[in-house]
Amino acid sequence: MPTWAQFVYLLCAVCFILALKGLSGPKTARSGNLIGAAGAVVACALPFFYVDDMDNVALILVAVAIGTAGGAFGAQKVQMTQMPQMVALFNGVGGGAAALVALLELEHFVDTDIRAVYLIATAFTILVGSVSFAGSIITFAKLQELMTSRPVVFPGLPVVFGAALVGALALSGVTVAEPVMWAGIVLALVGLAVGVLLVLPVGGADVPIVISLLNAFTGLTVAAGGYVLQNTVLLVAGTLVGASGTFLTLLMAKAMGRSVANILFGALKGGSTLGAGEASDRPVRSAGPEDAAIMLNYADRVIIVPGYGLAVAQAQHALRELVDVLNERGGKVDYAIHPVAGRMPGHMNVLLAEAQVPYEQLKEMDDINGDFKDTDVVLIVGANDVVNPAAKTTPGAPIYGMPILNADEAKQIIFMKRSMRPGFAGIENELLFDEKTTLLFGDAKDSMSKLLKAVEAL
Amino acid sequence: MSNDIIWLTFFVLSVFVGIEVISKVSSTLHTPLMSGANAIHGIILLGAILVAGSADGGIALFVALVAVVLAAVNMVGGFLVTDRMLQMFTQRKKKPAPETSGEAG
């Protein structure tokens, strides 16, 4: 490889560092992303200029065009509410690509005296790339509700999972000892099985953590692939993503008060399947939009707790209008954003930003939790688990230990709900039966428009 | 210094840089950051292109081209979707921004 090409690769690697750095600050995030994109495009274009005997150029360009069109179409069409599963899907295909690249490299190594380190890296890439691919597809299916979002556990799952892991290690051993194609292909298939089995027992609310973890996995496979191909920019970019992705996973798990091990294997121990998943028939107090409007209109301090249901119903625009009216009339209104509101940390901020809610009104949990006890009305829209007191009071509940918004401390609570069905985590919410709570049943968008009209009429 | 030690050095330093650069991220940006990191590992497209460029045809070429397609989806889709998310963060600073969100994204 000519020196100038190596130099350009180095610049691309620097671009990725700057991209991650930029993405971690609100002001620099967008430019950071663009710097990363620029680095990636340049790096991918480079082989066409320095590789002398490059074959199949036309076919490669067609393949790139197809992939580009597919990616652009998906990125353009996806709704903001479906962002997490889109990230999962993109991550999965990346892992799949890495596994295929490693399989092709393995083919080059067959019948050669290649050193074991390369074979270890190759086997790692095949295995973990396949895990990431299959795991991501299952997370996609769970979030898109193509399958149940509840933990899927069957008797003997730990045994099957263990057997698959042992099989994967044995096949990796075979591949390293003597590079043969069949071992690599079976290793990829076993990797797919491991990925499926890894994600099946994870409950819907925890899936975002798994996406982040699989993202880090894919990063590491790309790094190992970079070593196999002896390409620095792949190694550096993959390692950056692997390291920062692992760190980000730990940050997210901490925000939910969970350990990663508990999230992955909690359901296997049987402890975290407490959720009944059914509607209860205990008495609740419900009211119409007019009553709720009066409560809100005469409150001095209101806190809104938005959840995923708000965004699914596309009620965030009506909600913003309601808050504007209340603010005009002198009430102090803020949004309390739980770190995992929506489906991923920071997801709710994206969704509310889409509805042009001013940044200053969005308060993070730690900043606003002390305010609830002086709050007249809390309006909970499409949220459930993030205000569920079971997180504090019920050891054994899937969300036990997760920090929650202290909505239960407010003087009055209005719960906007479509039905009495439990939240994403599948557990009943005691707050619904609290005597301070008033329920407003109906589709969030419909209820919100009625509530807005009722408040305006007062 | 042997070649492998150089690679190990790249790896270890990248681990520390990777953790260091995102250590101060606020939870507001977790989703875009995850999505952006996801796009960066789409650089496997480079690996797929290199492999496809040296494939001899037949099954190997076909598999390599599939890898190119998948990796391109990861890379292009990843960066575009991250930009779409971040676009919303910047829009709100200019308060009631007129409907100019048609282009780009």
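Within any chain, residue numbers begin from 1 and follow the written order of that chain's sequence. Written order determines the labels here, with chains lettered from A and ligands numbered from 1. Given that the model is predicted, a residue must reach a pLDDT of at least 70 before its local features are reported, and side-chain atom pairs must reach 80 or more before they are shown or counted; all residues, however, enter totals for whole chains, interfaces and linings.

1. A few points about the sheet that holds strand β4 (residues 377-381) of chain A
All names here are of chain A.
- Any two strands with at least two DSSP bridges between them are considered paired. Each helix corresponds to a stretch of at least 4 residues labelled H or I by DSSP, and each strand to a stretch of at least 2 residues labelled E; elements are numbered beginning at the N terminus. Taken in spatial order, the six strands make up an open sheet running β3-β2-β1-β4-β5-β6, and their pairing is parallel. Edge positions in the sheet fall to β3 (362-364) and β6 (437-441), since each of these pairs with one other strand and no more. With direction set aside, neighbouring strand axes in the sheet form an average angle of 25°.
- Sheet analysis places β4 next to strand β5 (residues 412-417), joined by five bridges and oriented parallel. From the neighbouring strand, L379 faces β5, where its bridge partner is I414.
- Contact between two residues is assigned whenever their backbone-derived C-beta positions fall within 7 Å. Between the N-to-C directions of two axes lies an angle of 0 to 180 degrees, each axis being a line fitted to C-alpha atoms and, for a helix, fitted only over the stretch in contact. Contacts from helix α12 (residues 289-297) reach β1 (301-306), β4, β5 and β6, with the element oriented near 135° to β6.
- The strands touched by helix α15 (residues 347-354) are β1, β2 (332-337) and β3; relative to β2, the strand with the most contacts, the crossing angle is about 140°.

2. Quick look at helix α3 (residues 44-53) of chain B
- Counting other C-beta atoms within 10 Å of a residue's own tells you its class, since 20 or more makes it buried, 12 or fewer makes it exposed, and anything in between is partly exposed; those C-beta atoms are placed from the backbone. For α3 of chain B, a buried count of nine out of 10 residues is recorded, marking the element as mostly surrounded by other parts of the structure.
- Along α3 of chain B, the residues classified as buried are I44, L45, L46, G47, A48, I49, L50, V51 and A52 of chain B.

3. Remarks on the nonpolar core
- The term nonpolar core refers to a set of buried Ala, Val, Leu, Ile, Met, Phe, Trp, Tyr and Cys residues connected through C-beta atoms within 7 Å. Among the nonpolar cores identified, the biggest contains 197 residues, and I380 of chain A together with I43, A48 and V68 of chain B are the most heavily contacted of them.
- Here the element with the most residues in this core is helix α4 (residues 58-91) of chain B; it accounts for 17 residues.
- Each residue touching V68 of chain B, except ones within four places of it in the same chain, is listed here: I60, A63, V64 and G67 of chain A together with L45, A48, I49 and A52 of chain B.

4. Notes on the interface of chain B and chain A
- Between chain B and chain A, the residue contacts involve 75 residues of the former and 93 residues of the latter.
- Considering each element in turn, the side of chain B that touches chain A owes the most residues, 30 residues, to α4 of chain B.
- Looking at the side of chain B that touches chain A residue by residue, the classes come out as 49 nonpolar, 21 polar and five charged. Each residue receives one of three labels: charged for Asp, Glu, Lys and Arg, nonpolar for Ala, Val, Leu, Ile, Met, Phe, Trp, Tyr, Cys and Pro, and polar for the others, Gly being one of them.

5. Let's talk about the environment of D4 of chain B
All names here are of chain B.
- Within the secondary structure, D4 sits in helix α1 (residues 3-22).
- You can call D4 exposed: it has 11 C-beta atoms within 10 Å.
- Along the backbone, D4 and I40 are 36 residues apart, and their C-alpha atoms lie at a distance of 24 Å.

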